[in-house]
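# Reading the structure
One letter stands for each residue in the lines below.
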Amino acid sequence: MALFSKQNREALLTPLNQNNPIAVQVLGICSSLAVTSQLKPAIVMGLAVTIITAFSNVIISAIRKTIPMRIRIIVQLVVVAALVTIVSQILKAYSYDVSVQLSVYVGLIITNCILMGRLEAFAMQNSPWPSFLDGIGNGLGYAFILVLVGAVREFLGRGSLLGFQIIPQGAYDAGYFNNGMMTMPAMALILLGCVIWVHRAYFYKEEK
Amino acid sequence: MKTNSNSYTIAYSAILVVIVAFLLAFVFQALKPAQDANVALDKKKQILSALNIRDLDDEASAAKYKEVVKADVVFTSSDQTLPKDLNRYTGENDGFKLNSSDYKAGKYVLYVCEVNGQRKYVIPVYGMGLWGPIWGYIALDADCSKVYGAYFNHESETAGLGAEIKDNRQWQEKFQGKKVVDAQNNIILGVEKDVKNPQSEVDAVTGATLTSKGVDAMLKDCIGKYKSFIEKNEEVK
């Protein structure tokens, strides 16, 4: 089988768009509200979820024929938990301030529905390479929405992007205010709603 | 292979758990030195923040800490005399490694610092916020009568409300110049919703009454532990 056959390309690309884990499958909402108040943690969280989804998909897919059916969810959880712990330890060692910002949410990747959903729905039936692509695709689909919401929230809430001030001091002197509401999770939910709205308006036109 | 038999299931889970346990133990051991260094550096940055030295990058703060903090002396509740020869306590010694549980066990650390040629003392404070632990560092002037600077941090206070004790730098700056003790050496530095003594009290954070009360209790309680040091110091002046 070719590395990028039609099916494999679909496994990688549909979650980015038509089958986006947040916008369409509505998975992983909790963490996407919590970590998107600034762009940097949103990017790190997106990457962490992408890596963990991809590798847990590969591992589960590789051992899928040996897993006893009765404890398959437990086996999946153990694999995910081990990967999450490793990623969180690496963050603590090499990116301490980000790990402080993400705090409990790295650990909570374990409970992110995207992971368990992909393991059950895809990795248990497919071989490692397509599972890897599926994990990357779903992780990036998740990361894309996180980055979008994170960028809007940081820009409107703090006037900066990735910590660099974008809105000039002159604007503040002229009476511009940062919108403090944007730093609250409630606004993330509203923004997420807007993203889903735009996404649906665009992709479900033909069905009407 | 019969993957549904009981013995297979038990053997499978046992082997899986052992493999994962070894893997995690290995990762933990391999990364521990780097993690400890990060935690120590973060603590140094917090102590520097209390001395109003903020926004330095990693290397600069490590260097600045070395320059500014002359000693970390460990007190008990009975023995609170500053040793004559501070050089023995220079930099990161036992005091720096103490945490809140040592504090509960009755070992109190005092950071002796020098900023622009002036002696300052930094006291760590530990308390409870609304949702979890809060802590901070309070820098006092050489005669321990007034606050030189303050820094607070928290584990899980509400963003925008209780979390303001960490995020709102202007609020931390309000502590500067507040009186610490009254004539009878009672700790009067505090946080109040309704400020009656602006010399020693700071206005509470709006919408975060319980976190503010936690800060108030933390200040009274923890600075109180250094009472005999503060008394002695005032006599000296």
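Residues numbered from 1 in each chain as written. Chains lettered and ligands numbered in written order. Predicted model: local features only at pLDDT ≥ 70, side-chain atom pairs only at ≥ 80, totals over all residues.

## Some remarks on the overall build of chain B
- What chain B contains, in helices and strands, is eight helices and seven strands.
- Relative to the 2.2 N^0.38 estimate, which gives 18 Å for 237 residues, the radius of gyration of chain B is 22 Å and therefore markedly larger than a compact globule would have.
- For chain B, the spread of C-alpha atoms along the principal axes amounts to about 85 × 45 × 35 Å.
- Relative to its 237 residues, chain B shows a buried fraction of 33%.
- Put simply, of all contacts in chain B between residues at least 6 apart along the chain, 53% involve residues at least 24 apart. (Helix = DSSP H or I, 4+ residues; strand = E, 2+ residues; numbered from the N terminus. Rg over C-alpha atoms; globule rule 2.2 N^0.38 Å. Buried ≥ 20, exposed ≤ 12 C-beta atoms within 10 Å, placed from the backbone. Contact = placed C-beta atoms within 7 Å.)

## Looking at the overall build of chain A
- Within chain A, the secondary structure is distributed over 10 helices and two strands.
- Secondary structure of chain A in N-to-C order comes out as α-α-α-α-α-α-α-α-β-β-α-α.
- By the compact-globule yardstick of 17 Å for 208 residues, chain A fits well, its C-alpha radius of gyration being 19 Å.
- The proportion of buried residues among the 208 residues of chain A is 39%.
- Of the contacts made within chain A by residues no fewer than 6 positions apart, 77% connect residues no fewer than 24 positions apart.

## Considerations on the pairing of strand β3 (residues 118–128) of chain B
Residues and elements named next belong to chain B.
- Of the strand pairs in this sheet, strand β2 (residues 108–115) and β3 are connected by five bridges, and their pairing is antiparallel. Residue pairing across strands places Y111 opposite V122, the latter belonging to β3.
- Hairpin connection, β2 to β3: the antiparallel pair is bridged by two residues, and N116 has positive phi, about 50 degrees.
- Here β3 runs beside strand β4 (residues 133–141); their pairing, made up of nine bridges, is antiparallel. Its bridge partner being in β4, M128 is matched across the sheet by P133.
- What sits between β3 and β4 in their antiparallel hairpin is a turn of four residues. (Pairing = 2+ DSSP bridges.)

## Let's talk about the sheet that holds β3(B)
Residue and element names in this part refer to chain B.
- With antiparallel pairing, the five strands of this open sheet are ordered in space as β1-β2-β3-β4-β5. The open sheet is flanked by β1 (69–75) and β5 (147–154), the only strands paired with a single partner. On average, adjacent strands in this sheet sit at an angle of 20 degrees to one another, irrespective of strand direction.
- Against the sheet, helix α7 (residues 209–224) engages β3, β4 and β5, with an angle of about 125 degrees to β3. (Axes fitted to C-alpha atoms, helices over the stretch in contact; angles between N-to-C directions.)

## A word on unusual backbone geometry
Residues and elements named next belong to chain B.
- Positive phi outside glycine occurs at C144, with the angle close to 60 degrees.
- Along the polypeptide, C144 turns up in the loop between β4 and β5.
- At N185, a position not held by glycine, the phi torsion is positive, near 65 degrees.
- The residue N185 is located in the loop between α6 (169–173) and β6 (190–192) in this model.

## Examining the environment of A:I51
Residue and element names in this part refer to chain A.
- Counting through the fold element by element, I51 comes out in helix α3 (residues 39–62).
- Its 18 C-beta neighbours within 10 Å are what place I51 among the partly exposed residues.
- For the pair I51 and I73, spaced 22 residues apart in sequence, the C-alpha separation works out to 20 Å.

## Comments concerning the packing of helix α1 (residues 6–50) of chain B against helix α2 (residues 58–68) of chain B
Residue and element names in this part refer to chain B.
- Between α1 and α2, the shortest axis-to-axis distance is 9 Å and the interhelical angle comes to 65 degrees. Crossing handedness for the pair α1 and α2: left-handed. Contact residues: α1 offers L41, K44, K45 and L48, while α2 offers D58, S61, A62, K64, Y65 and V68. (Left-handed = near helix turned anticlockwise from the far one by under 90°.)

## Details of the environment of B:Y121
Residues and elements named next belong to chain B.
- Tracing the backbone through its elements, the reader meets Y121 in strand β3.
- C-alpha separation for the pair Y121 and D143, spaced 22 residues apart in sequence, amounts to 9.2 Å.
- With residues up to four places along the chain from it excluded, the contact list for Y121 reads L110, Y111, V112, L140 and C144.

## Observations concerning the nonpolar core
- The biggest cluster of nonpolar side chains holds 53 residues, and the ones touching the most others in it are B:L110, B:V122, B:I123, B:I138 and B:I223.
- Apart from the residues within four sequence positions on either side, B:I223 is in contact with B:I123, B:V125, B:I138, B:V180, B:I187 and B:L189.
- Listed in part, the 47 residues of the second largest apolar core include A:I59, A:V80, A:L146 and A:A188. (Core = buried A, V, L, I, M, F, W, Y, C linked by C-beta atoms within 7 Å.)

## Some remarks on the confidence of the model for chain A
- Averaged over every residue, the pLDDT of chain A is 83; the share at 70 or more is 97%.
- Highest mean pLDDT in chain A belongs to helix α4 (residues 72–94) of chain A (89); lowest belongs to helix α6 (residues 104–107) of chain A (76). (pLDDT = per-residue confidence, 0-100.)

## As for the environment of B:K178
Residues and elements named next belong to chain B.
- Note on placement: K178 falls in the loop between α6 and β6.
- Remark: the alpha-carbon pair of K178 and G149, spanning 29 residues in sequence, is separated by 9.4 Å.
- Excluding anything up to four places from it in sequence, K178 contacts K146, V147, L189, Q199, S200 and V202.

## As for the pairing of β2(B)
Residue and element names in this part refer to chain B.
- Within β2, six of the eight residues are buried, which leaves it mostly tucked inside the rest of the structure.
- In this structure, β1 lies alongside β2, joined through six bridges in antiparallel fashion. Residue pairing for β2: V69 is matched across the bridge by C113.

## Some remarks on the confidence of the model for chain B
- Here chain B averages 86 in pLDDT, while 94% of its residues score no lower than 70.
- Scoring the predicted complex yields pTM 0.73 and, for the interface, ipTM 0.71.

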